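# Coordinate inspection notes
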Amino acid sequence: MYIILVVPIIFDFTMVVQMSPYKSVRYVMNILPIIALIFLILVDDLFKNHKKSCAIILTIFSVVFSTYGILTNPVKYLYKGYDKYLQIADKYKDNRFVLICSSKFTHLQDLPEFIKYKESMIVDTYNIEYLSNFKEFEEDDEIILGIKNWLDESPEKLMKKVMEATGYTNYEFLYDAVNSSRETVYRLYR
């Protein structure tokens, strides 16, 4: 009976690991609940005559290992280097933040970063000139600019377009997660 569950799960797990564009746990995480269910079915099957004691032992086992994991591992984000983005957001929290990307849904992964800034704005690559309509950029001496690394144009080229649209004349490179699809971050100033 379990072979019907195990074979497709192993096949799915192997395919996801091999085909995922980045070696990140987010592609494998969707299979973990199924693996946990199979584990519980197997344990239940092995200990048919001792269900009450098995349930108590599994509960204690889960609580101990979960607590141990929470206490001994620092909080890690989905992307390597995300803590650096949060440090930049903390340092420049009084500034406005502009994110250049090609789709609006990608902002969800950046929400912890967005809420730290004074204001955040998402602009797609085809509407950069739209930034010239915002008078706030005339008031601010500097802004923080994030540009997704997976866009068709290079971050440097897009950064120069933003500088033209907003009137900022200088920039400082702040961070780029090498070999990542995250973003390159600049500080634009006058």
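Residues numbered from 1 in each chain as written. Predicted model: local features only at pLDDT ≥ 70, side-chain atom pairs only at ≥ 80, totals over all residues. Heavy atoms only, no water.

### Topic: helix α4 (residues 82-91)
Residues Y82, Y85, L86, I88 and A89 constitute the buried set of α4. All buried residues of α4 project into a common sector of 155° when viewed along the axis, lining one side. In this fold, the buried residues of α4 make contact with α5 (111-114), β4 (170-176) and β5 (183-189). (Buried < 20%, exposed > 50% of the residue type's maximum accessible area, 1.4 Å probe, protein only. Helix = DSSP H or I, 4+ residues; strand = E, 2+ residues; numbered from the N terminus. Arc of directions from axis to C-beta. Contact = heavy atoms within 4.5 Å.)

### As for the side chain of E113
Inspection of the secondary structure puts E113 in helix α5. Taking the relative accessible area as the measure of exposure, E113 reaches 1% and is therefore buried.

### A few points about the nonpolar core
Generally speaking, a soluble globular protein has its nonpolar side chains buried in company with each other. In terms of nonpolar packing, the biggest core is built from 19 residues, with V98, I100, L131, L145, I147 and L188 touching the most fellow members. Breaking this core down by element, the ones donating at least two residues are β1 (96-101), β2 (119-124), β3 (142-148), α7 (155-166) and β5. Ranked by the residues each element gives to this core, the list is headed by α7, at five residues. Apart from the residues lying within four places of it in its own chain, the contact partners of V98 are M121, V123, L131, F137, I143, I144, L145 and G146. Ranked by size, the runner-up nonpolar core spans 15 residues in total, among them Y82, I88, C101 and Y175. (Core = buried A, V, L, I, M, F, W, Y, C linked by side-chain atoms within 4.5 Å.)

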